[in-house]
Each structure stands twice: as C-alpha cells, then as structure tokens.
Amino acid sequence: VVLEAYDRNRALIDARRQKLRQLDPNAGVTDPMKYTLTALDGKRLPLESLRGKVVVMDFWATWCAPCRVQHPLYEEVAKKFHHRSDVVFLGINTDEDRGRVIPFLDQHQWNRKQIYYEDGLSEMLRVSSIPTTVIVDRKGQIVSRLNGFLPDRFVGMLSERIERTLVE
C-alpha cells in the first residue's frame, strides 16, 4: 500500500515537473549549462548546445551607464575572435521590463544578434553587479568572471582570458 502510494505520488510530481518545464525550461535547473535562454524574437537557446565551445557572457541592462561604455569594448573583443567558431559571445540582458530592450538596442544601434534575456541565469551565477562578464570553458565550467570593468584594460584582459581558456 505504501509503495503504491509512493508510486502514485512520484507520478504526480513528475507530471507537475514536466508541465513546469514546458512553461519555464529552467525550473529546478541547478547547472548553468542546462539553462535555456530566450532570444529577442522568442526563440530558445539551450546553453547545453554550446558545450565544446568557449562561451563569453556579458550581463548588462538598459539603465546601466557603465554597460553602455563597456559595450563597444566587448564588441571589439568579439571582432578579434569572429573567425573562431569555437568562441561564442552572448549579450545577456538583465532588465525586468523586457519592453525597453529592443527600443534601447535600436536607439543605440547595438547589434541584436546574440542578445538574450537572462531568464534567471544571473541569479544562479550570482551576478550581483553589472556589467559582469563570465567565461565558460568547453566543458561547461566557469573559468573567469569580470565584475565591472576597467575601460583602459578591458579589451586586453578579456582577450587574454579567452585565449587562455582556448588553450586549456
């Protein structure tokens, strides 16, 4: 009787989890590389699909003045590695009001490609200040984190960390 009740309960819990995953693919996820991010157009990007590549994530917001200063520097680093198919740059927007993002990108003429909403990832990675740049290695492990940035050294620091990660 107890085992039958357990099995019924387990089936109910599993069904509930499946429904939650359909609504929120990140429900209950504890590994950042198992996260799924939402693009500006609503398409989903499972970070797991990037395993085997070095992933550079830039956490930013529309209201963040330092993010606006850092963005061209981040783009400069992305251009240095544009020929590398094994390096992926993602802009992770942390705004609560998603309605502000696309008008901001248009107004400031930022490229919309590779921009995603954070969908809870910043909380999991404990991103407490922005801009924050996180580098994930080919195995899916976080190997570097830049909280804030130094304008005169950012390009060199980030480039060096990416190159070091590619060698490892």
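Structure's up top.
All values derive from a computational prediction rather than experimental measurement.

S.K.: I would appreciate a short explanation of the sheet that holds strand 1 (residues 36-39) in the present structure.
M.R.: By definition, the strands of a sheet pair up through backbone hydrogen bonds, in either a parallel or an antiparallel sense. As summarised here, the arrangement of the seven strands in space is 2-1-5-4-3-6-7, forming an open sheet in which the pairing is mixed. Edge positions in the open sheet fall to strand 2 (44-46) and strand 7 (142-147), since each of these has one partner strand only. Recorded for the sheet is a direction-independent mean angle of 30 degrees between the axes of neighbouring strands. In terms of strand pairing, strand 4 (residues 87-93) meets strand 5 (residues 115-117) through three bridges, oriented parallel. Looking at the pairing, Ile-92 lines up with Tyr-116 of strand 5. Seen against the sheet, helix 2 (residues 65-80) touches strand 3 (54-60), strand 4 and strand 6 (132-136) and runs at an angle of roughly 165 degrees to strand 3. Sheet strands touched by helix 3 (residues 101-108): strand 3, strand 4 and strand 5. Its angle to strand 3, the strand with the most contacts, is close to 95 degrees.

S.K.: Help me out: how do you make sense of the pattern of salt bridges in this one?
M.R.: Where charged atoms from two side chains of opposite charge come close, those side chains can pair. One pass over the structure, following the stated rule, counts eight salt bridges. Across the pair Glu-48 and Lys-34 runs a salt bridge whose closest N-O atoms are separated by 3.6 Å. Within this pair, whereas Glu-48 is found in the loop between strand 2 and strand 3, its partner Lys-34 is found in the loop between helix 1 (2-23) and strand 1, the two being separated by 14 residues in sequence. Where Asp-86 meets Arg-138, a salt bridge forms, and the shortest distance between an N and an O atom there is 3.0 Å. A residue pair is termed long-range when its members are at least 10 positions apart, and Asp-86 in the loop between helix 2 and strand 4 and Arg-138 in the loop between strand 6 and strand 7 qualify at 52 residues. Each of Lys-34, Glu-48 and Arg-51 takes part in a single network of salt bridges with overlapping partners.

S.K.: When you look at the pairing of strand 6 in this model, what are you seeing that I'm missing?
M.R.: Sheet faces and side chains relate simply in a regular strand, where the side chains alternate between the two faces. Across the five residues that make up strand 6, a large majority, five, are buried. Neither face of strand 6 is exposed, since Thr-132, Val-134 and Val-136 on one face and Thr-133 and Ile-135 on the opposite face are all buried. Here strand 3 runs beside strand 6; their pairing, made up of five bridges, is antiparallel. Bridging from a neighbouring strand, Phe-59 pairs with Thr-132 of strand 6. By the bridge criterion, five bridges tie strand 6 to strand 7 in an arrangement that is antiparallel. Bridging from a neighbouring strand, Thr-133 pairs with Leu-146 of strand 7. Linkage of strand 6 to strand 7, two consecutive antiparallel strands, is achieved through a turn of five residues, within which Gly-140 is found at a positive phi near 90 degrees.

Rules of the game
- Residues numbered from 1 in each chain as written.
- Predicted model: local features only at pLDDT ≥ 70, side-chain atom pairs only at ≥ 80, totals over all residues.
- Heavy atoms only, no water.
- Pairing = 2+ DSSP bridges.
- Helix = DSSP H or I, 4+ residues; strand = E, 2+ residues; numbered from the N terminus.
- Axes fitted to C-alpha atoms, helices over the stretch in contact; angles between N-to-C directions.
- Contact = heavy atoms within 4.5 Å.
- Salt bridge = Lys/Arg side-chain N within 4 Å of Asp/Glu carboxyl O.
- Buried < 20%, exposed > 50% of the residue type's maximum accessible area, 1.4 Å probe, protein only.

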